[in-house]
Amino acid sequence: MHELSLAAEVLRIVEDAARADPFRRVRTLRLSVPALAGVEVDALRLALESVAPRTLLDGARLVVDEPPGVARCPDCGREVEIPARGVECPCCGGVRLEVTGGTAMRVVDLEVE
């Protein structure tokens, strides 16, 4: 389950942020987990719950944004939003979409005290 390693990396990012600008705990953690990131959001939530006790994330509220992926269609030349890989272009039905975004999970914001 790679979501556990992702949760550990999120915790590392939070700890690095606390070293750079000290805070006691995270009240709200906002993540962006795009459709093409290959992350199971429910599994990530569970993994974050498992790493949070006795850390800066203990008791933090988790907000997960799930934006669509982005691709360019060489058939019609448009940039389109897509919910998953392997779908047709929503504009022309083309099947040669080139993914251009929405593949990387990231920490968007921390509300701290």
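Everything that follows concerns the structure shown earlier in this document.
Residues numbered from 1 in each chain as written. Predicted model: local features only at pLDDT ≥ 70, side-chain atom pairs only at ≥ 80, totals over all residues. Heavy atoms only, no water.

Let's shift gears to the sheet that holds strand 2 (residues 61-65). Read from one edge to the other, the open sheet built from three strands follows the order 2-1-6, with strand pairing classed as mixed. The sheet is open, and its two borders are formed by strand 2 and strand 6 (106-112), each paired with just one other strand. Sheet twist, expressed as the mean angle between neighbouring strand axes with direction ignored, is 15°. Looking at chain direction, strand 1 (residues 26-32) and strand 6 are connected through six bridges and run antiparallel. Looking at the pairing, Ser32 lines up with Arg106 of strand 6. Of the strands in this sheet, strand 1 and strand 6 are in contact with helix 1 (residues 2-20), which crosses strand 6 at around 50°. Against the sheet, helix 2 (residues 41-51) makes contact with strand 1 and strand 2, and its axis sits at roughly 155° relative to strand 2, the strand it touches most. (Pairing = 2+ DSSP bridges. Helix = DSSP H or I, 4+ residues; strand = E, 2+ residues; numbered from the N terminus. Axes fitted to C-alpha atoms, helices over the stretch in contact; angles between N-to-C directions. Contact = heavy atoms within 4.5 Å.)

A few words on the pairing of strand 4 (residues 79-82). Across the two faces of strand 4 the burial differs, with Val80 and Ile82 buried and Glu79 and Glu81 not buried at all. From the end of strand 3 (residues 69-72) to the start of strand 4, which pair antiparallel, there are six residues, and Gly77 there has a positive phi angle of about 80°. (Buried < 20%, exposed > 50% of the residue type's maximum accessible area, 1.4 Å probe, protein only.)

Assignment of secondary structure puts Thr28 in strand 1. In contact with Thr28, not counting residues within four places along its chain, are Arg61, Val63, Asp109, Leu110 and Glu111.

All right, on to helix 2 then. Given 3.6 residues per helical turn, the α-helix brings residues three or four places apart onto the same face. Turning to helix 2, its buried residues are Val41, Ala43, Leu44, Ala47, Leu48 and Val51. Looking straight down helix 2, one finds its buried side chains confined to an arc of 155°; they lie on one side. Exposed residues on helix 2 whose side chains face more than 90 degrees from its buried face are Asp42, Leu46 and Glu49. Looking at the buried residues of helix 2, the elements they touch are helix 1, strand 1 and strand 2. (Arc of directions from axis to C-beta.)

Right, let's talk about the pattern of salt bridges for a bit. Throughout the structure, instances matching the rule amount to ten salt bridges. Linking Arg12 and Glu9 is a salt bridge whose minimum nitrogen-to-oxygen distance equals 2.4 Å. Placement of the pair is Arg12 and Glu9 together in helix 1, with a separation of three residues, close to one helical turn. Take Glu9: its relative accessible area is 35%, and that puts it in the partly exposed class. A salt bridge links Glu98 to Arg72; the nearest nitrogen and oxygen atoms lie 3.5 Å apart. (Salt bridge = Lys/Arg side-chain N within 4 Å of Asp/Glu carboxyl O.)

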